[in-house]
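If you want the building blocks of each chain, they are given just below.
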Amino acid sequence: MFQYILRRLLIAIPILFGVTVFNFFIINLAPGNPVEMFVNPNISAEDIELKKEALGLNDPIYEQYFHWLGNVLHGDFGFSYATHEPVSQMILERIGPTLLLMGAALILAYIISIPIGILSASKQYTLTDYTTTTLSFLGISIPAFFLGLGAIYIFSVKLQILPTGGMTKLGSSGGFGDVMMHLILPAIVLAAGIAGNMVRYVRSSMLEVLGQDYLRTARAKGLKNFVVTNKHALKNAIIPIITIIGMDVTILIGGAVVTEQIFQWPGLGQLTIKAIMSRDYSLLMAINLIAAVVVLSANLLTDIMYAIVDPRIKYN
């Protein structure tokens, strides 16, 4: 196992390098530059050029990249072009809320989707199956921004039982209960797409297992259907579902950008939108690098969990 993890880490290094190269060139190929955000009638063309020179924006793009990479290897992500704050400090301030939102959404999605997927498989071709399948497709199909705005309108504007956005109430110190109340709507919206997708995978995996001969034998011996489904079938059906966790992390990262913006959740997703709007190259590169590390780490952990759940799997 240790050798397998080491090999995966060695493979991850060139992947991360490729991701940074691709992101850096894509970001810098976009029209405009950060200096244009500071243009006003009081700044001359000479001052603009001096600013670009000071930021290194006049250097060839490959020189800019290797300068950025050298700083990152020394633990320096640079400074924000927009606020002049250290990028690492800005990310540390925002990563906690994002992890809280993503973790809550992931747990909520699995709590909802696994029982529904099992129920759908055990009631195949019934009204229950058709209803749960339809709801799962709706969860996948409805855009997060539409679902988020609808949730705000119903639960915040009309019913007035949940806050419209933010992480804490204005003027409050932000206790646990306050944060949880603000977390409910964004977590549900972010979890909806993952839950809808997971229901389909759970249903498909359960149907495949439920048709196995050993389960027919278990039923023939007089075991109750509940025991056959939830003890014997689920144990084997859950193994391929674990591999989907790595994919869900990617969906969570993309969904968090939209969800955090809608609910004004102070995380990395909202910070990403601000960085894009201000063309803050150094901040965008740092966020993209962190996202790539998280996705690669999630896939590695998925492989490890796969081997733990199923002892038959050996990584040589």
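As the structure is a computational prediction, the values presented were derived from the model and not from experiment.

Trainee: Would you mind going over the overall build of the protein in detail, with residue names and values included?
Mentor: Helices and strands together make up the secondary structure of the protein, namely 12 helices and 0 strands. Traced from its N-terminal end to its C-terminal end, the protein shows the element sequence α-α-α-α-α-α-α-α-α-α-α-α. Projected onto the principal axes, the alpha-carbon positions of the protein cover approximately 85 × 55 × 35 Å. Looking at the 316 residues of the protein, the share that counts as buried comes to 37%. Intrachain contacts of the protein at a sequence separation of at least 6 include 74% that bridge at least 24 residues. Carbon and sulfur atoms make up 69% of the accessible area of the protein, which amounts to about 17,800 Å² in all.

Trainee: Run through the environment of Ala291, naming residues and quoting values.
Mentor: By the element assignment, Ala291 lies in helix H12 (residues 281–309). As a C-alpha pair, Ala291 and Leu55 span 236 residues in sequence and 25 Å in three-dimensional space.

Trainee: Please provide a residue-by-residue account of the pattern of salt bridges, values included.
Mentor: Inspection of every chain in the model, using the stated rule, returns 1 salt bridge. Two residues, Asp129 and Arg203, come together in a salt bridge whose shortest N-O distance is 2.8 Å. On the criterion of sequence distance, the pair formed by Asp129 in helix H5 (residues 127–141) and Arg203 in helix H7 (residues 176–210) is long-range, its members being 74 residues apart. With respect to burial, Asp129 and Arg203 carry one shared label: buried.

Trainee: Summarise a nonpolar patch on the surface; cite the residues concerned and give the values.
Mentor: Nonpolar side chains collect at one region of the surface, where Leu135, Leu138, Ile142, Phe145, Phe146, Leu149 and Val258 lie side by side and expose about 660 Å² of accessible area between them. At the level of elements, H5 and helix H6 (144–158) are the ones that each hand at least two residues to the nonpolar patch. The greatest single-element share of the nonpolar patch, amounting to 3 residues, is contributed by H6.

Trainee: Describe H6, and please don't skip the residues or the numbers.
Mentor: An ideal rise of 1.5 Å per residue puts 21 Å on 15 residues; H6 measures up with 20 Å between its terminal C-alpha atoms. Gly148, Ala151, Ile152 and Ser156 are the residues of H6 that are buried. The secondary structure elements touched by the buried residues of H6 are H7 and helix H10 (244–262). The positive-phi residue at the C-terminal boundary of H6 is Gln160, with phi of around 55°.

Trainee: Pulling in residues and values, what's your account of the nonpolar core?
Mentor: The biggest cluster of nonpolar side chains holds 31 residues, and the ones touching the most others in it are Tyr110, Met206 and Leu252. Mapped by element, the contributors of at least two residues to this core are helix H4 (87–122), H7, helix H8 (213–220), helix H9 (225–242) and H10. Sorting elements by how many residues they give to this core places H7 first, with 11 residues. With sequence-adjacent residues up to four places away left out, Tyr110 is seen in contact with Pro115, Ile194, Met198, Ile245 and Asp248. Core analysis: the next-biggest nonpolar cluster, separate from the first, contains 22 residues, Ile27, Val87, Ala275 and Ile287 among them.

Trainee: Give me the lowdown on the packing of H8 against H9, citing residues and values where you can.
Mentor: At a minimum axis distance of 10 Å, the contact between H8 and H9 shows a crossing angle of 155°. By the angle between their axes, H8 is roughly antiparallel relative to H9. Crossing handedness for the pair H8 and H9: right-handed. Contact residues: H8 offers Tyr214, Leu215, Ala218 and Arg219, while H9 offers Asn225, Val228, His232, Ala233 and Asn236. Of the residues belonging to the contact of H8 with H9, the class tally is 5 nonpolar, 3 polar and 1 charged.

Calculation criteria
- Residues numbered from 1 in each chain as written.
- Predicted model: local features only at pLDDT ≥ 70, side-chain atom pairs only at ≥ 80, totals over all residues.
- Heavy atoms only, no water.
- Helix = DSSP H or I, 4+ residues; strand = E, 2+ residues; numbered from the N terminus.
- Buried < 20%, exposed > 50% of the residue type's maximum accessible area, 1.4 Å probe, protein only.
- Contact = heavy atoms within 4.5 Å.
- Areas by Shrake-Rupley, 256 points an atom, 1.4 Å probe, with all protein chains shown as cover.
- Salt bridge = Lys/Arg side-chain N within 4 Å of Asp/Glu carboxyl O.
- Patch = residues over 30% accessible without salt bridge, like charges linked within 9 Å, V, L, I, M, F, W, Y side chains within 5 Å.
- Expected span 1.5 Å × (residues − 1).
- Core = buried A, V, L, I, M, F, W, Y, C linked by side-chain atoms within 4.5 Å.
- Axes fitted to C-alpha atoms, helices over the stretch in contact; angles between N-to-C directions.
- Parallel < 35°, antiparallel > 145°, perpendicular 65-115°, else oblique.
- Left-handed = near helix turned anticlockwise from the far one by under 90°.
- Nonpolar A, V, L, I, M, F, W, Y, C, P; charged D, E, K, R; others polar.

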